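# Structural description and commentary
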Amino acid sequence: MKWSMDTHKYISEITRKALQIMVAHNITSESEPDEIDAVERELAAANVYKDYESAKGRVRRALFTYFKAYGCLDENEHLTELGRLYVENKITIQEFCFHFIVNYQYKDEETQYYPVQLILTCLKKLSELGTGQAFLSAYDFSKIVECQSIDEINDNFVNELLNARTSATIEVNERNIGFDVWSKMLVQGGILNRTTERTLVVKDWALADWILNAYENQLQVMRGHICTGILKFLPIPQLNTPSGNVAPFILEGKALQAYLFDAVDNAIISKYIFNGIEASFDDMLSALGLAEVSKGIYKHFIGLERLIGYCLSGYNNPNIQVIGRILASVELTEAQLTEIMPQEIRIDYDSFDRKSGGKNVLLYGVPGSGKSWTIEHEYCNKDSVVDRLVFHPDYTNADFIGQILPVVDEDKQVTYEFTPGPFTTILRNAYRDPMREYILIIEEINRGNAPAIFGEVFQLLDRKIEMHEGDDGFPVGTSEYGITHKYIAEFVYGDPSHKVRIPSNLSIIGTMNTSDQNVFTLDTAFQRRWRMRLIENNFDNVRASLANAQILDTGVTWRRFCETVNTIIIGNKSKMASAEDKRLGVYFVHENDLKFDERARPSDGFATLLIEYNELIRKELTNSITETEKNRLNEIRDAVMHNRVFPEKVIKYLWDDAFKFNPEALFDTDNFESLEQVIRVFVYNKGQDRFKIFKQTVRDTLYHTQQQ
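Residues numbered from 1 in each chain as written. Predicted model: local features only at pLDDT ≥ 70, side-chain atom pairs only at ≥ 80, totals over all residues. Heavy atoms only, no water.

### As for the sheet that holds strand E9 (residues 438-443)
Defined as follows: Pairing between strands is defined by DSSP: at least two bridges between them are needed. Only runs of H or I of at least four residues qualify as helices and only runs of E of at least two qualify as strands under DSSP, and these elements are numbered from the N terminus. Lines fitted to C-alpha atoms define the axes, with helix axes restricted to the stretch in contact, and inter-axis angles between N-to-C directions lie between 0 and 180 degrees. Here, two residues are considered to be in contact whenever any of their heavy atoms come within 4.5 Å of each other.
One open sheet holds the five strands; their spatial order is E6-E9-E10-E5-E11, and the pairing between them is parallel. At either end of the open sheet lies a strand with only one pairing partner, and these are strand E6 (385-390) and strand E11 (531-534). In this sheet, adjacent strand axes meet at a mean angle of 20° when their direction is disregarded. Strand direction decides the pairing type here: E6 and E9, joined by six bridges, are parallel. Note on E9: the bridge partner recorded for Asp-387 is Leu-440. Against the sheet, helix H18 (residues 371-379) engages strand E5 (360-365), E6, E9, strand E10 (506-513) and E11, with an angle of about 145° to E5. This element, helix H20 (residues 422-431), spans E6, E9 and E10 of the sheet and lies at about 165° to E9.

### Looking at the pairing of E5
Test applied: Each residue is assigned to one of three classes by its accessible area relative to the maximum for its type, calculated with a 1.4 Å probe on protein chains only: buried under 20%, partly exposed between the two thresholds, exposed over 50%.
Counting buried positions along E5 yields five of six residues, so the element is predominantly enclosed. Judged from the six bridges that link them, E5 and E10 form a sheet pairing that is parallel. What sits directly across from Leu-362, in E10, is Gly-510. Relative to E11, E5 runs parallel, the two being bridged by four bridges. Paired with Leu-362 across the bridge in E11 is Met-532.

### Here's the deal with unusual backbone geometry
In this structure, Asn-26 takes a positive phi of about 55° despite not being glycine. Tracing the backbone shows Asn-26 in the loop between helix H1 (13-24) and helix H2 (33-45). The class for Asn-26 is exposed, based on a relative accessible area of 67%. Its identity as a non-glycine residue notwithstanding, Glu-444 has a phi of 55°, on the positive side. Residue placement: Glu-444 occurs in the loop between E9 and helix H21 (450-454).

### Observations regarding the pattern of salt bridges
Definition in use: For salt bridges, the criterion is a side-chain nitrogen of Lys or Arg within 4 Å of an Asp or Glu carboxyl oxygen.
Scanning all chains against the criterion turns up 32 salt bridges. As a salt-bridge pair, Lys-124 and Asp-209 come within 3.0 Å of each other at their nearest N and O atoms. Here the residue Lys-124 occupies a position in helix H7 (residues 115-127), and Asp-209 occupies one in helix H12 (residues 205-214), the gap between them amounting to 85 residues. Close ionic contact of Glu-378 with Arg-533 constitutes a salt bridge, the shortest N to O distance being 2.8 Å. Here Arg-533 lies in strand E11 and Glu-378 lies in helix H18, a separation of 155 residues in the sequence. On the basis of relative accessibility, which here comes to 45%, the residue Glu-378 falls in the partly exposed class. Shared partners join several salt bridges into a network, and the residues in it are Arg-84, Glu-88 and Lys-90.

### Description of helix H29 (residues 645-658)
Applied cut-off: Any helix carries an expected span of 1.5 Å times its number of residues minus one. What we call the bend at a residue is the angle made by axes fitted to the seven residues finishing there and the seven residues starting there.
Counted at 1.5 Å a residue, the expected span for H29 with its 14 residues is 20 Å, and the 18 Å between its end C-alpha atoms agrees. At Lys-652, H29 shows its largest kink, close to 30°. Those residues of H29 not exposed but buried are Phe-646, Pro-647, Val-650, Ile-651, Tyr-653, Leu-654, Trp-655 and Ala-658. Its buried side turned inward, H29 meets helix H25 (558-570), helix H26 (591-594), helix H28 (627-643) and helix H30 (675-684).

### Remarks on a nonpolar patch on the surface
To be explicit about the condition: Each patch is built from residues lacking any salt bridge and having more than 30% relative accessible area; the joining distance is 9 Å for like charges and 5 Å for nonpolar side chains (Val, Leu, Ile, Met, Phe, Trp, Tyr). In these tables, accessible area is a Shrake-Rupley quantity obtained with a 1.4 Å probe, and a residue counts as shielded only by the protein chains included in the view.
There is a patch of nonpolar side chains on the surface, built from Ile-404, Tyr-416 and Tyr-487 and spanning about 320 Å² of accessible area. Relative to the assigned elements, Tyr-487 resides in helix H22 (residues 486-493). Residue Tyr-487 is classed as partly exposed on the basis of its relative accessible area, which comes to 36%.

### Things to note about the packing of H29 against H30
Basically, it comes down to this: Throughout, a crossing is termed right-handed when the near helix is turned clockwise from the far one, and left-handed when it is turned anticlockwise from it by less than a right angle. Nonpolar residues are Ala, Val, Leu, Ile, Met, Phe, Trp, Tyr, Cys and Pro. Charged residues are Asp, Glu, Lys and Arg, and all others, Gly as well, are polar.
Where H29 contacts H30, the two axes come as close as 10 Å, and the packing angle between them is 145°. The element H29 and its partner H30 pack so that their crossing is right-handed. Where H29 abuts H30, its residues Phe-646, Pro-647, Glu-648, Ile-651, Lys-652, Trp-655 and Asp-656 lie against Leu-675, Val-678, Ile-679, Phe-682 and Val-683. Per-class residue counts for the contact of H29 with H30 are nine nonpolar, no polar and three charged.

Structural measurements only, silent on function.
The following block contains the structure:
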């Protein structure tokens, strides 16, 4: 994944502590083993690693590599300017992250670019299409990672992202693409915010625009230096002529920060922030040449006060240098030295208007009766977001809801995280997209142990059916009762204490074949929470192209065949258990299964296809076959393969299942004793003779009515 996976170590107060310990021991990667071991023991004691065993080998194998990558150590493993400030607690985590990430450049043999430029350019183009589109999802990030240059972040690229957003949510693994690390770095750097939907948005467009403009310059990044890369192009105050002695104001960093960053009124600064007695704050502005500079010129750089101070200190202009030194003079507080992850933007989706009418529906009927067709045509619409899954005997609650799984982090440490299942994922998507209909389709719901698979979520299937004065206010279709499930709640709502409910814009639709054998039964308590619907097995709504399609070259339509056989099945109740469930479903086959391949007609001179086929096979075996005959043999094989689809699907079902215990009710068992014989006769005969496999009375029924 190139640059997105090139940065694996979170910058944090923990990494600061690790570097401080290494510097205190004055070690390098070439230090003696006992010196390295002492450092690793101290790292464990300081909770940089959870224990000594976890710390063993980390110094040489990881930490020196990380700190060189971040510019804290040079190639000789000596502290750089940036590393010294980091170790001495003179730069915040936000400032460190900002400095590193905006100056991070990806290079390979073919190209080089700044990933933050790609990310912000994409967000800029999205913002131009409307604020509602100005965000990046993990999927969007995965597409940016594939780009080779800034030129690829163009209108076509953005349109492809927008088109993807109109379809169902595309899930990607954040860890596998580096989105988790880069999100944290961009957020900690104060460049972006992360919403509860786990998307990234620009925190301050003025800052983002400055970053993009800075990238337009000819940049040279010197790793480990403070004033480098885009930071060499910071906005500089246009000073009037400085007057007086600046020495009394060297420690007035808080007052200067309040003026340049927070735009605080001079009177308030003078009264509450400025410490001088012999001189005033106005005297300070005059002495520095800032008297005519508008306050708040760095208001978009709040949180980067010291970083900007250090950068200004490196400028050639001595008047700018002194302003930089004053800004950087303020010591970090204990709170600033405590790693605090910026809070996500919290959105209360419970208060949003929401589509109502969510329901649980269970469609049941014989195989092929049209359950899935009914769902697509009667329950879904073009704007519905649909997820489909299938229950089976090995499917579990963990598969459906989610489970705690081990994850190996960048330090090869094993951690455990909740990995959501399809139910929890669609629950979150529906909750956070309140005006769109979401549908979870569960095929073959009784092939798994449904009550066990649903688990405690079983309670959520009770839906609110009407509004009452003074009730909880949730729309009709919401779960009547909420449940406590901290992992679902954390994933869906961002709050582990939030009660979990199925939102009113999410419906669950299950299908069940009534003829399935050896499957789990659905108890009454489970079934009562669903709207049961029998899908009638008739041709009333079946497309004519299927109902009236002829079965190969027999002249018998699928409708005629299906209704004839089903009548016999129903009339065979006394000898067939659950006869009604053994019927052929009207959608048991597709039109393509019924089409006749004309190449299966015997050539002139052959009474049947089988005779011609056997003759050609004999010649093939004796190597006496001509090229023309070889082509004809291949034609026959292809044609027979296609024409076998119907008998292998339908005739086999009738012999092996529907009439398993009394095949004589349908088949001519006097002449055919095995399925092999039945299939062979059907495949290699032609026209009406294919149905010689059935009793004469059945054949008369198939053709009698059609001929009238």
